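What follows is the residue order along each chain.
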Amino acid sequence: MLVVSAAVAQNPSVQTPGRARPAASHPVRRPATEAGSGIIEAIKVDGNQRIESGTIRSYLLVQPGDPFNQDRLDRSLKTLYATGLFQDVRLGRSGDDLLVHVVENPIVNRVAFENNHKLSDDTLRPELQLRPRAVFTAALAETDRQHILDLYARKGNYDATVVPQIIRLPQNRVDVIFQITEGSATLIAKIVVNGNKAFSEGRLTEVINSRESRWWRFLSTSDQYDPERLAFDRELLRRFYLKNGYADIDIVDASAELSPDRKGFFLSFTVNEGARYKVGKVTINSQLRKLSGEDLRPVLQLTEGDWYDGDAVGRTADLIEQTVHDRGYAFVEVKPRATRDVAKHTIDLAFDVGEGPRVYVERIDIVGNTRTEDKVIRREFQFAEGDPYSADAVRRSKTRLTDLGYFQNVDIATQPGSTPDKAVLTTTIAEKATGELSFGGGYSTDAGALVDVGLAERNLVGTGINASINGTLAQRRSSINTSITDPYFLDRNLVAGADVFLIQTNALGTEPYDERREGFSLRLGYDFNQHLRQVWSYSLVNRDVFNIISTSSPFILNEAGTTLLSQISQVTTLDYRDSRVQPHSGYIVEAGTDLAGLGGAARFARGNLNGAYYIPLEREFGNPDWVLKFAASGGYMVLLPGGREEIIDRFFLGGDNLRGFQTGGAGAHDAVSGDPLGGRLIYTGTVEQRFPLPVSPDLGLAGRAFVDVGGLSQSSFRNGGGCISTGGVTCQIRDSPAPRLGAGVGISWRTGFGLINVDLAPFVLKQPGDQTQIFRFGFGTRF
């Protein structure tokens, strides 16, 4: 609560709480002198408290010995006001003395904010010019008031009000308190597109980032008006039309109008689509020695007869440049040219490939890393000082730095070097917190309800080392895991890491027993190039099978007890996907091998091969969320002499690798108890069509239709698996190598609380004894 001093009440120029005062303009008081009459003998200053008299005299355009010149005195008066140091200035004359009377502007004692909840003091204060110990003026207070309003406007609060309260204090000091009424966010009430013929208004509003206000967008800011977002929306519309062949597109207008009640904005876009063009002739003109245009045609993203695509033209130019670089040409420049035939509605494309300017990287400067070590940043660069300059290498380096997750923003600027053939690259970064204390929860069909707690640091003391500890408590599967990974072990192209873990599985899926695993693993990996990598690991794990149900298969009863697994493994990955998180095109192939028997009881060799291929259908459906996926996998296990065969080392079919069946529910089973026994040979295949659902993209919903097929065989045990007939019942295995099939649909929902996956597979092709699972659900979150 503000307390107004008596001095405030006595001074009508001081604002009292609850009343706004506009910025004051100082009246210019003409000096009471007679021009041209006499010489100034002395200049006397009074009224100043903090500012030295000599300082005030230095601002005057007259000095002792000068005549009383009216014009120079007027300009002296204006100069004193312009300093911003004085609230009032008067010039007078006493005989031959010039009298200067000043009233100094007060000094700011403190700046405070009241009733600000959406923007903190730390966010507001750096935007102000008024600061403690600075000179106060009404003009500065008005400027700062407007800056605060601008900040709230960026948050979507256009009905916010700000009133500066000025509290007078002794010794000519003031407290400045900004009384803020934040109001409510001004949302987008309606988005209208005019002039569109080829695409519906609904389709075009999906292209832009701004969204109409809806109840489900409470976790998003896309329905809040932002002038910068509106400008970006205009560019998104232009790109969309260019991508779909409308080379003459003109976004005539993009405007926003605030409703009379200031509660909502109406966005309006006006477009002039023009004609749609197809691609005519496509030529590549290479001026490089030993490299013809025909050599580069395989990377073309457009062919004659396709609809013109501005994005594809840019991608083609980038791919040509990258291909030429890969063939050993250090300096290359690709210039696309488009020749439009308005009558035929075609565009001929030519890509001129020539030698670019010879520019070398002279120096790489890094700015903004207060915590992260320089070497952690430099090792992500795809070039070094002295290398030929490449715009493609700069782009890839920026992407690699951004993908680290250590920085809020990464910018690489190119500046001229000491000579015309040299360039200096300045990398400016803004660091962000990389530590994470997370709590989570969820539910899955396999694990049941679960609670997850984790502590992680992705950039340990600025070295780039990732360390974490995570614990999960679930109905059927609980674990605790400690991990540490150095992505550049010994400052080389080596990824080294270690894990220590304890995992307990309680009757997971259809298995009639509990299992506990405790041990550690060591990892070492390296990249051959940006697409091919290999990871080696060694694991030492103590496995305990216990709490076996008494009516279980004799094969499983024989598994009771502990076994030690000593295993060395490797995984080689060839990855040409466009994204590791959400791929739309490309392929990935993984080949893995396990060798157990370097000590321990288990002795086997196991291999597996997995692959997936993604086909984008954006050109056919006009939406990048249409993706066709083909996937296949296979695995085989060979028993080595002298070892004990364990069911828990076998392959199991069903669940994640074959939807429509319970985990382990397809394949070999005990003929009496029905327990799954696994097998040594497995194969699976998947065809999956991903597609957007006919709802707002902001909901984060995506659909899929799938067909999974798989088979499991070679389930017989060495020496009968130790199976002993009990009660006259013979140990028998129901094993059919025939393929199983599951088909259905699914939905993924990316919510603010986590990812929800639902699969429904009502169509199955099964064998006797298989256990189906039509509905499969998974939900998890971290916060």
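Residues numbered from 1 in each chain as written. Predicted model: local features only at pLDDT ≥ 70, side-chain atom pairs only at ≥ 80, totals over all residues. Heavy atoms only, no water.

**Remarks on the overall build of the chain**
In terms of regular secondary structure, the chain is built from 13 helices and 35 strands. Considered along the principal axes of its C-alpha atoms, the chain spans approximately 135 × 70 × 55 Å. Classification of the 783 residues of the chain by burial places 42% in the buried group. Put simply, of all contacts in the chain between residues at least 6 apart along the chain, 61% involve residues at least 24 apart. Total accessible area on the chain stands at roughly 39,400 Å², and carbon and sulfur atoms take up 55% of it. (Helix = DSSP H or I, 4+ residues; strand = E, 2+ residues; numbered from the N terminus. Buried < 20%, exposed > 50% of the residue type's maximum accessible area, 1.4 Å probe, protein only. Contact = heavy atoms within 4.5 Å. Areas by Shrake-Rupley, 256 points an atom, 1.4 Å probe, with all protein chains shown as cover.)

**Re the confidence of the model for the chain**
Interpretation of this model should avoid reading the predicted coordinates in detail wherever pLDDT is low. Of all residues in the chain, 91% attain a pLDDT of 70 or more, and the chain-wide mean is 86. Scored below 50 in pLDDT, residues 1-35 shows 68 contacts in the model against residues more than four places distant or in partner chains. The low-confidence segment residues 724-728, where pLDDT is below 50, has four contacts with residues more than four positions distant or belonging to other chains. (pLDDT = per-residue confidence, 0-100.)

**Points about helix α7 (residues 227-243)**
The end-to-end C-alpha distance of α7 is 25 Å, a good match for the 24 Å that 17 residues give at a rise of 1.5 Å each. Each element contacted by the buried residues of α7 is listed here: α6 (201-207), β8 (250-258), β9 (264-272) and α9 (310-326). For α7, the side-chain oxygen to backbone nitrogen distance between the N-cap and E228 is 3.0 Å, and the N-cap itself is D226. Backbone geometry just downstream of α7 places G245 in the positive-phi region, at approximately 95 degrees. (Expected span 1.5 Å × (residues − 1). Polar contact = N/O pair within 3.5 Å; in protein donor to acceptor, adjacent residues only side chain to side chain.)

**Topic: the environment of D121**
On the secondary structure map, D121 appears in helix α4 (residues 121-124). For D121, a relative accessible area of 30% translates into the label partly exposed. It is 9.9 Å that separates the C-alpha atoms of D121 and V111, two residues lying ten residues apart in sequence. D121 has contacts with F113, N116 and P126, leaving out every residue within four places of it along the chain. In terms of polar contacts, D121 uses its side chain to reach the side chain of N116, at 2.8 Å.

**Topic: the pattern of salt bridges**
Under the defined criterion, the tally for this structure stands at 39 salt bridges. Across the salt bridge formed by D392 and R395, the nearest N and O atoms sit 3.7 Å from each other. One end of the pair is D392 and the other is R395, both in helix α11 (residues 391-403) and three residues apart, which spans about a single turn. By relative accessible area, which is 37% here, R395 ends up partly exposed. (Salt bridge = Lys/Arg side-chain N within 4 Å of Asp/Glu carboxyl O.)

**Describing the packing of α9 against α11**
Contact geometry for α9 and α11: axes closest at 10 Å, N-to-C directions at 105 degrees. As the angle between them shows, α9 and α11 are arranged roughly perpendicular. For the pair α9 and α11, contact is made by D318, E321 and Q322 and by A391, D392 and R395, respectively. For the contact of α9 with α11, the residue count by class is one nonpolar, one polar and four charged. (Axes fitted to C-alpha atoms, helices over the stretch in contact; angles between N-to-C directions. Parallel < 35°, antiparallel > 145°, perpendicular 65-115°, else oblique. Nonpolar A, V, L, I, M, F, W, Y, C, P; charged D, E, K, R; others polar.)

**Things to note about the nonpolar core**
If you look at the biggest cluster of nonpolar residues, it comprises 24 residues, and the most contacted ones within it are L204, Y225, Y241, I249, L267 and F269. Of all the secondary-structure elements, those providing two or more residues to this core are β7 (187-194), α6, α7, β8 and β9. Among the elements that line this core, the one with the most residues is α7, at six residues. With residues near it in sequence (within four places) discarded, L204 still touches V193, N196, F199, L237, F240 and Y241. Residues L288, L302, F351 and V353 belong to the second largest nonpolar core, which totals 23 residues. (Core = buried A, V, L, I, M, F, W, Y, C linked by side-chain atoms within 4.5 Å.)

**Quick word on the sheet that holds strand β1 (residues 42-46)**
Pairing is mixed across the open sheet formed by three strands, whose spatial order is β1-β3-β2. The strands lining the two open edges of the sheet, one partner per strand, are β1 and β2 (86-94). Pairs of neighbouring strands in the sheet enclose a mean axial angle of 20 degrees, with direction left out of account. Note that β2 and strand β3 (residues 97-104) share eight bridges and pair antiparallel. Bridged to F86 within β3 is E104. Sheet contacts for helix α3 (residues 70-82): β2 and β3; angle to β2, the most-contacted strand, approximately 155 degrees. (Pairing = 2+ DSSP bridges.)

**Some words on the sheet that holds strand β10 (residues 278-286)**
Here we have three strands laid out as an open sheet, ordered β10-β12-β11, and mixed in their pairing. Single-partner strands in this sheet number two, and they are β10 and β11 (333-341). In this sheet, neighbouring strand axes are inclined to one another by 15 degrees on average, regardless of whether the strands run parallel or antiparallel. Strand contacts of α9: β10, β11 and β12 (346-354), with the helix running at about 25 degrees to β12, the strand carrying the most contacts.

**Here we look at α11**
In this model, α11 (13 residues) spans 18 Å end to end at C-alpha, consistent with the 18 Å of a helix rising 1.5 Å per residue. Within α11, the full set of buried residues consists of D392, A393, V394, S397 and L401. Taken from the residues just after α11, G405 is the one with a positive phi, measuring 80 degrees.

**Observations concerning the packing of aromatic side chains**
Centre-to-centre distance and the angle between the planes together describe a pair of aromatic rings. Under the criterion given, the structure shown has 17 aromatic pairs. Both rings, one in Y576 and one in Y587, keep their centres 5.4 Å apart while their planes meet at 25 degrees; by these two values the pair is stacked. With Y576 in the loop between β23 (561-575) and β24 (586-600) and Y587 in strand β24, this residue pair connects regions lying eleven residues apart in the sequence. In this structure an aromatic cluster arises from ring pairing among F199, F240, Y241 and Y246. For R93, the ring lying beneath its charged end belongs to F68, and the centroid distance is 3.9 Å. Residue placement shows R659 over the ring face of F706; its charged tip is 3.9 Å from the ring centre. (Phe/Tyr/Trp six-rings, centres within 6.5 Å; stacked < 30°, edge-to-face > 60°. Lys NZ or Arg CZ within 6 Å of the ring centre and 35° of its normal.)

**Side note on the environment of T79**
Among the secondary structure elements, T79 is positioned in helix α3. Along the sequence, T79 and L61 sit 18 residues apart, while their C-alpha atoms lie 8.6 Å from each other. Polar contacts involving the side chain of T79 include one to the main-chain carbonyl oxygen of R75, which spans 2.8 Å.

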